[in-house]
Structure formats: C-alpha cells, structure tokens
Amino acid sequence: MKIGIVGLGLIGGSIGLDLRALGHEVWGVSARASTCDRAIVRGAVDHASQDLGSLQPVEVVFVCTPIALMEPTVANLAAQLDEATIITDVASVKGDLVARLTQLWPNFVGGHPMAGTAENGIEAALSDLFVNNPYVLTPIATTVPRAIETIAQLATDLRAKLLYCDPHHHDRAVALISHLPVMVSASLITTCLGEQNPAILELAQNLASSGFRDTSRVGGGNPELGLMMAQHNQAALLRGLQTYRGEIDRLIQQVETADWTGLQTTLEKTAAGRSPFLKP
Ligand code: NAP
C-alpha cells in the first residue's frame with residue numbers, strides 16, 4: 001500500500017520502519033528538514049517532505065504528531081487529500097478527539113499503539129516496537145467499516161495485539177495503567193529527592209537497585225509526555241489520583257496503628273491481583 005506518516009518521531013518513525021520492511025511504500029512528513037533527512041537515512045520512509053501536500057498519492061495516513069497538533073494536522077490534510085484516503089492517529093488519549101477528528105475527516109479511525117520507550121524523536125524509532133503489544137482501535141458509531149478493517153489489518157501486520165474499545169473507556173483504562181503510574185512514580189522520586197540529610201540521600205542513591213529502577217522508570221521519563229497525559233486526560237487521571245490518595249491513606253493508617261493483619265490482607269490482594277494486568 002501507499003502509506004503516509006505525519007510526525008517522524010519515535011512512533012511515526014517506528015511505524016515507518018516496520019511498514020517499509022513489510023513492502024509498503026512510505027511517504028513521511030515532519031516539521032524539520034533534518035528529521036526528514038534522518039528518516040530517509042534510517043530507512044523509516046521512502047520519501048520525506050515538510051509539505052502535507054506531498055501525501056496526495058497515499059491511501060492511508062498515520063498522524064503521529066504530538067496530541068495538540070492532531071486537529072490542525074487533520075484539518076490541513078482534509079484540504080489536500082482524496083476523500084477515499086483513510087486517516088488514523090496514534091494519540092495516547094482518545095476521548096472527544098476521535099469525534100472531532102471524524103468531523104474533520106469522515107474516513108477517520110482512532111488508534112493507539114500501546115508501545116513506547118523513554119526516548120523521543122526519529123533517532124528513537126525502533127523496528128518491531130509494536131510486536132506483541134496492544135494496538136487499540138476506538139471506532140465510533142459513524143466510523144466507516146472499511147477504514148476500521150484497513151487499519152486493523154495494518155496493526156495485525158505490525159504483529160500487535162489488536163483490541164477495540166470506546167474512546168472514553170480507553171481514556172479511563174489508560175489513566176489507570178499508564179497515566180496514574182507516571183504520577184505515582186514521579187511522586188516517589190520527589191519523595192526521595194526531599195530527603196533533608198545529604199548523607200542519607202547519597203547513601204540511598206548508592207543503594208538504589210532493581211526495585212528503584214523498576215518503580216522510578218516511568219516517573220523519570222520524558223516530562224512532556226507526563227504533562228500531556230495530565231492535560232489531555234485530566235478527568236480520568238484525577239479520578240485515579242483521588243482513589244490512589246485513598247489507598248495511601250489506608251496504608252498510612254495500617255502502618256500507624258500497627259494493623260499488620262490489615263496490611264497483610266492488602267498485600268495478599270495486590271500479589272494476587274497483579275498478574276491479570278500483565279498477560280503474556
Ligand atoms: P516524538 O518522538 O516527539 O515525535 C513527534 C514528532 O512529530 C516529532 O519528531 C516532530 O518532528 C513531529 N512534529 C511536530 N510538529 C509537527 C508538525 N507540525 N508537522 C509534522 N510533524 C511534526 O513523539 P512520540 O512519542 O512519537 O509521540 C507522537 C504521538 O504518539 C503522540 O500523539 C503520542 O500521544 C503518541 N504515542 C506516544 C507513545 C510513547 O510512548 N511515546 C506511545 C503511543 C502513542 P520534527 O523532528 O520534525 O520536529
């Protein structure tokens with residue numbers, strides 16, 4: 001197929017690498033000329049330009065820009081593309097965005113490949129990033145069935161695990177398993193940095209090992225990504241944070257009152273409850 005990708009960063013570049021490897025011809029558009037050049041050198045695209053008009057030949061466009069640029073980008077594409085062209089996005093938050101993008105382009109289907117790293121930009125793009133990771137499509141009542149089928153096929157070709165859900169349900173679920181963990185992990189790092197005794201702080205830094213590496217990873221990543229999650233998924237994230245605060249209060253009470261039975265029950269529940277979130 002003839003594929004277009006707007007935004008040649010971690011996600012756009014990674015999609016390009018894999019789709020080209022599968023034999024698709026890929027046209028890329030990015031903001032900076034240097035990114036376009038690097039995308040060609042890295043093999044993520046066959047053709048690259050800063051001009052959205054260059055995507056006229058393509059059958060499918062993946063919009064992989066930062067979330068705030070999704071709407072202006074699709075509005076701009078709408079003035080340039082043939083109406084048979086399918087547009088999809090990769091935004092990490094779906095909610096009302098899907099309906100707004102569908103209004104701009106009826107042949108639109110929302111999508112979110114649930115894969116990433118702490119890096120960004122074209123140099124961070126990786127082959128096989130999506131293999132065995134969920135790729136969720138979020139069609140709404142008016143989404144064109146052929147658009148859903150086409151993007152579902154491409155996601156399957158990327159060897160991702162294909163899922164479907166309502167855009168608002170998506171946002172509530174990712175608030176729990178993606179956006180809340182970033183905030184919890186960030187507050188863990190802030191707590192450690194708040195240690196007032198320099199000798200203890202230095203000792204903690206020297207003693208930190210795999211447990212701290214695991215629990216601090218998502219809170220120590222790209223600040224823009226965390227900010228984006230809070231700005232674009234505010235209501236669902238807030239709900240998660242408030243529930244979490246309640247859980248912290250419960251733990252404080254159990255520890256304060258030496259309620260070891262209560263604490264043990266809590267930890268037994270969490271030990272048993274973790275695995276369904278980590279399906280192989
Ligand atoms: P990224 O690495 O920063 O890539 C975004 C790219 O968009 C940049 O490389 C930038 O290219 C380009 N860009 C910026 N403004 C543009 C414009 N006006 N026109 C065309 N291209 C433009 O970020 P990312 O992590 O790939 O995230 C991109 C999207 O994927 C976001 O919507 C995010 O929600 C979603 N997503 C991210 C992850 C993740 O874990 N990172 C996972 C799933 C989905 P230049 O270099 O040319 O400036």
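Everything below is about the structure shown above.
Residues numbered from 1 in each chain as written. Predicted model: local features only at pLDDT ≥ 70, side-chain atom pairs only at ≥ 80, totals over all residues. Heavy atoms only, no water.

### A closer look at the pattern of salt bridges
Put simply, the rule is: We define a salt bridge as a side-chain nitrogen of Lys or Arg found within 4 Å of a carboxyl oxygen belonging to Asp or Glu. Only DSSP runs of H or I reaching four residues or more are called helices, and only runs of E reaching two or more are called strands; each is numbered from the N terminus. Partly exposed residues are those whose accessible area sits between 20% and 50% of the maximum for their type, while under 20% is buried and over 50% is exposed, using a 1.4 Å probe and protein chains only.
Summed over the entire model, instances satisfying the criterion amount to six salt bridges. Between R159 and D128 there is a salt bridge whose closest N-O contact spans 3.2 Å. Residue R159 is found in the loop between helix 5 (145–157) and strand 9 (161–164), and its partner D128 is found in the loop between strand 7 (111–113) and strand 8 (134–137); the two are separated by 31 residues along the sequence. For D128, a relative accessible area of 43% gives the class partly exposed. Here R250 makes a salt bridge to E247, at a shortest N to O gap of 2.9 Å. Taken together, the positions of R250 and E247, both in helix 10 (residues 234–256) and three residues apart, correspond to about one turn of that helix. Classification of R250 by relative accessible area gives partly exposed; the value is 38%.

### A word on the packing of helix 6 (residues 167–193) against helix 10
In plain terms, the rule: Every angle, taken between N-to-C directions, lies between 0 and 180 degrees, and every axis is a line fitted to C-alpha atoms, over only the stretch in contact when it is a helix. Comment on the angle field: the value is read as roughly parallel under 35 degrees, roughly antiparallel over 145, roughly perpendicular from 65 to 115, and oblique elsewhere. Handedness of a crossing follows from how the near helix is turned relative to the far one, being left-handed for an anticlockwise turn of less than a right angle and right-handed for a clockwise one. Any two residues whose heavy atoms approach within 4.5 Å at even a single point are treated as in contact. Note on residue classes: Ala, Val, Leu, Ile, Met, Phe, Trp, Tyr, Cys and Pro are nonpolar, Asp, Glu, Lys and Arg are charged, and everything else, Gly too, is polar.
It is the contact of helix 6 with helix 10, at a shortest axis distance of 8 Å, that shows an interaxial angle of 60 degrees. The angle between the axes of helix 6 and helix 10 places the two elements in the oblique class. In this structure, the crossing between helix 6 and helix 10 has a hand that is right-handed. Facing helix 6, whose interface residues are D171, R172, A175, H179, L180, M183 and V184, helix 10 presents A236, L237, R239, G240, L241 and Y244. Class assignment for the residues of the contact of helix 6 with helix 10 results in eight nonpolar, two polar and three charged.

### Here's the deal with the sheet that holds strand 3 (residues 47–49)
Basically, it comes down to this: Strand pairing requires that DSSP identify at least two bridges connecting the strands.
Spatial strand order, 3-2-1-4-5-6: six strands in an open sheet with parallel pairing. Each end of this open sheet is capped by a strand with a single partner; those strands are strand 3 and strand 6 (108–109). Sheet topology places strand 1 (residues 2–6) next to strand 2 (residues 25–29); five bridges connect them, and they run parallel. What sits directly across from I5, in strand 2, is G28.

### Here we look at the site of the ligand
Which entries qualify depends on this criterion: A single heavy atom is enough: if one lies within 4 Å of a molecule or strand, its residue is considered near that molecule or strand. Two N or O atoms form a polar contact when they lie within 3.5 Å of each other; inside protein one atom must be a possible hydrogen donor and the other a possible acceptor, and for residues adjacent in sequence the pair counts only when both atoms belong to side chains. The protein chains shown are the only cover counted for residues, whose accessible areas, like all others here, come from Shrake-Rupley with a 1.4 Å probe.
As a structural note, the neighbourhood of the ligand is formed by 26 residues, with S30, T35, T65, S92 and G121 the closest of them. Side-chain polar atom of T35 to an oxygen atom of the ligand: 2.6 Å apart, as the coordinates give it. Protein burial of the ligand: of its 880 Å² of free accessible surface, 83% is covered by the chains. For the shell around the ligand, the secondary structure elements donating two or more residues are helix 1 (10–21) and strand 7. The residue makeup of the shell around the ligand, split by class, is 15 nonpolar, ten polar and one charged.

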